[in-house]
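Residue-level listing of the chains:
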Amino acid sequence: MRNLPLAAFVLLLSFCSNTLFAQATSNTIEPNSTNNIVKSSNNGKLNYSYRKLANNHFSVEVIFKNDQFIYKQEIDTLQIHSAEAFTLLKQDLQNALTALQNANSNFKIERANYFLSCNDTGVSGLFIVLTNKAGNINTSNTKFQIKVLLEWLNTIEFGKS
């Protein structure tokens, strides 16, 4: 019985030292890495980043989670690799905001790798729904969340770091 507090203290100390060691050895991106993040942010629902890839190529990635999950969280990533697709995404988001302000619940845009639509939930209001191409992962965003994403996208000069 006398050794129980000592054993508990040693066990606690070992957990603390493992946690501190784990925090000290976090993953970092090397400067010469082929997948450098130039900037990243989130709007509370979506995580997004602007990356410099190999051979001076760039990518905008929007990571979204399925709103309708019960047991397993499903995640998908919208990847934009060209300036034209980047401009089209910004234009689509702006059109979605306009539709949301006009309470147009029939708004729908279908692109090669995503769908954008308005969803009228009744009491909760209108939301902009971002869906992957397969249609099985979607997330609803408020007007404010889409504005935050659009403002962040407008700070990027695609193709430049």
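Residues numbered from 1 in each chain as written. Predicted model: local features only at pLDDT ≥ 70, side-chain atom pairs only at ≥ 80, totals over all residues. Heavy atoms only, no water.

Undergrad: Mind showing me how you'd approach the pairing of strand 1 (residues 36–42) here?
TA: One face of the sheet, then the other: side chains in a regular strand alternate in exactly this way. In terms of strand pairing, strand 1 meets strand 2 (residues 47–52) through six bridges, oriented antiparallel. Pairing of Ser40 across the sheet is with Ser49, part of strand 2. A loop of four residues connects strand 1 with strand 2, the two strands running antiparallel in sequence, and Gly44 in this loop sits at a positive phi of about 95°. (Pairing = 2+ DSSP bridges. Helix = DSSP H or I, 4+ residues; strand = E, 2+ residues; numbered from the N terminus.)

Undergrad: Hey, could you run me through helix 2 (residues 83–101) in this one?
TA: Helical geometry: 3.6 residues make up each α-helical turn, so side chains three or four residues apart lie on a common side. End to end, helix 2 covers 27 Å across 19 residues, agreeing with the expected 27 Å (1.5 Å per residue, within 8%). When we look at burial in helix 2, the residues that qualify are Phe86, Leu89, Lys90, Asp92, Leu93, Ala96, Leu97, Ala99 and Leu100. Lining the buried residues of helix 2 we find strand 3 (58–65), strand 4 (75–80), strand 5 (108–110), strand 6 (114–120), strand 7 (126–132) and helix 3 (143–154). Two residues or fewer past helix 2, Ala103 is found with a positive phi of approximately 55°. (Expected span 1.5 Å × (residues − 1). Buried < 20%, exposed > 50% of the residue type's maximum accessible area, 1.4 Å probe, protein only. Contact = heavy atoms within 4.5 Å.)

Fair warning: the whole summary comes from geometry, so function is off the table for now.
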